[in-house]
Amino acid sequence: MLKAVTWCAKCLFLYFLVVVAAVRCSWIFTTPVWQLATKMHWTQLNRVGFVLSYFLPIFAAAGFLFGLVPFGKLGKALGDLFRSFFPSVSSRLAPERDAVPPVLWAWLPVTLAFLTRFATWQSRNSSVLDPHRSPGRIERFFGPLYAQTSGLLDDRWITDRFLFTGPMLFLMACAIAALFRYRLTGPRNVQPGTEINDEASHD
C-alpha cells in the first residue's frame, strides 16, 4: 500500500513540476520559437500574443523532447559516482526502483481533471442544450488566441490553459517519448512486456 501511495505521489509531483514550468517558465520554451518566427517573418504577433496562441504545441513538443532524455540513467550515473565517494552513506540512501516509471502515467491525474473541466465548461453565449457548443469547447481549450471569440474567452481561459491543457499535453508527449525510448534502448533478448520494467529500473 505504501509503495502505491509513494508511486502516486511521484506522479502528482511530476505534474506539479510541469505546472510550475508552464506558469513560471513558459517564456523559456516559447521565446526562442517566437524569435525565430519573427526573424523568418512567419508571424506578426508580439511575444505575449505568440505565447498565448502557440504555447500548447510548443509545450507538447518540449515534453516529447524531455521524454527522450534518459534522466534515470543520468541519475544512476550520479548516484554511482556519489557511492564511490561515500559508500557507507549512499548504501542507506539508495532509493527503491519503481517497476513502472511514474513518467508513463503522470498524465492520468491531470487528464481526469481536464476532462472534468472540459465536460462542465459552458460558453457565455450558449445554453447547456446548445448542440453547437462542442466545436466552441474544442477551440476554447486547444485553439490559438486568434480563434477565440467573446463567448469562449473568460476569466479562467489562461488558468485552464496553463494548469490543465498544457501540462496534460506535455506529460502525454513525455510518456509517449519515454515509451518509445524504452522500446528502442531496452534489452532485446527478453520476454515481451518485460523490457520496459528492465529499462525502468535504470530510468
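In this model, helix H8 (residues 157–185) (29 residues) spans 40 Å end to end at C-alpha, consistent with the 42 Å of a helix rising 1.5 Å per residue. Of all the bends in H8, the greatest, near 30°, is centred on Gly166, and the proline Pro167 appears no more than four residues after it.

The next subject is a nonpolar patch on the surface. Together, Phe64, Leu65, Leu68, Ile176, Phe180 and Leu184 make up a nonpolar patch on the protein surface, roughly 570 Å² of accessible area in all. Going through the elements one at a time, helix H3 (47–68) and H8 are the ones with two or more residues in the nonpolar patch. The residue Ile176 is located in helix H8 in this model.

A word on the side chain of Thr43. Mapped onto the elements, Thr43 comes out in the loop between helix H2 (26–39) and H3. Under the relative-accessibility criterion, Thr43 is labelled buried at 11%. Within the structure, the side chain of Thr43 is placed 3.1 Å from the backbone nitrogen of Leu45, a separation counted as a polar contact. Excluding its chain neighbours within four sequence positions, the residues that come into contact with Thr43 are Ala37, Thr38 and Phe50.

Turning our eyes to something else, we now look at helix H6 (residues 107–120). End to end, H6 covers 20 Å across 14 residues, agreeing with the expected 20 Å (1.5 Å per residue, within 8%). Burial in H6 covers these residues: Val110, Thr111, Phe114, Arg117 and Phe118. Seen end-on, H6 carries its buried residues on one side only, within an arc spanning 130°. Away from its buried face, by an angle of more than 90 degrees, H6 presents the exposed residues Leu112, Ala119 and Thr120.

Here the focus is the packing of H6 against H8. At a closest axis distance of 9 Å, the pairing of H6 and H8 adopts a crossing angle of 140°. Relative to H8, the element H6 is oriented oblique. Between H6 and H8 lies a crossing of left-handed hand. Contacts between H6 and H8 involve Trp107, Val110, Thr111, Ala113, Phe114 and Arg117 from the first element and Asp160, Leu163, Phe164, Thr165, Pro167, Met168, Leu171, Met172 and Ala175 from the second. Within the contact of H6 with H8, the residues separate by chemical class into 11 nonpolar, two polar and two charged.

Cut-offs used in this document
Counting from 1, residues in each chain are numbered in the order their sequence is written. Confidence filtering applies because this is a predicted model: local features only for residues at pLDDT of at least 70, side-chain atom pairs given and counted only at 80 or more, and all residues used for totals across whole chains, interfaces and linings. Side-chain measures here rest on the full set of heavy atoms in the structure, leaving out hydrogens and waters. To qualify as a helix, a DSSP run of H or I must reach at least 4 residues; to qualify as a strand, a run of E must reach at least 2; elements of each kind are numbered from the N terminus. Here the expected length of a helix is defined as 1.5 Å per residue gap, with one fewer gap than residues. The seven residues ending at a residue and the seven starting there each receive a fitted axis; the angle between those axes is the bend at that residue. Patch construction takes residues with relative accessible area above 30% that form no salt bridge. Like charges are linked within 9 Å, and nonpolar side chains (Val, Leu, Ile, Met, Phe, Trp, Tyr) are linked within 5 Å. Method for areas: the Shrake-Rupley scheme with a 1.4 Å probe, in which residue coverage is limited to the protein chains shown. A side-chain nitrogen of Lys or Arg and a carboxyl oxygen of Asp or Glu constitute a salt bridge if their distance falls within 4 Å. Only protein chains enter the calculation, and the probe is 1.4 Å; a residue is then buried if its accessible area is under 20% of its type maximum, exposed if over 50%, and partly exposed in between. Polar contacts here mean pairs of N or O atoms no more than 3.5 Å apart (in protein, one a potential hydrogen donor and the other a potential acceptor; neighbouring residues in sequence count only if both atoms are side-chain atoms). Here, residues are in contact when the closest pair of their heavy atoms is within 4.5 Å. To be clear, the arc concerns the directions from the helix axis to the C-beta atoms. To get an axis, fit a line to the C-alpha atoms, keeping to the stretch in contact for a helix; angles then go from 0 to 180 degrees between the N-to-C directions. Orientation labels follow simple angle bins: below 35 degrees gives roughly parallel, above 145 gives roughly antiparallel, 65 to 115 gives roughly perpendicular, and whatever is left gives oblique. Handedness of a helix crossing follows the sense of rotation of the near helix relative to the far helix, less than a right angle counterclockwise being left-handed and clockwise being right-handed. Residue polarity is assigned by list, with Asp, Glu, Lys and Arg as charged and Ala, Val, Leu, Ile, Met, Phe, Trp, Tyr, Cys and Pro as nonpolar; anything else, Gly included, falls into the polar class.

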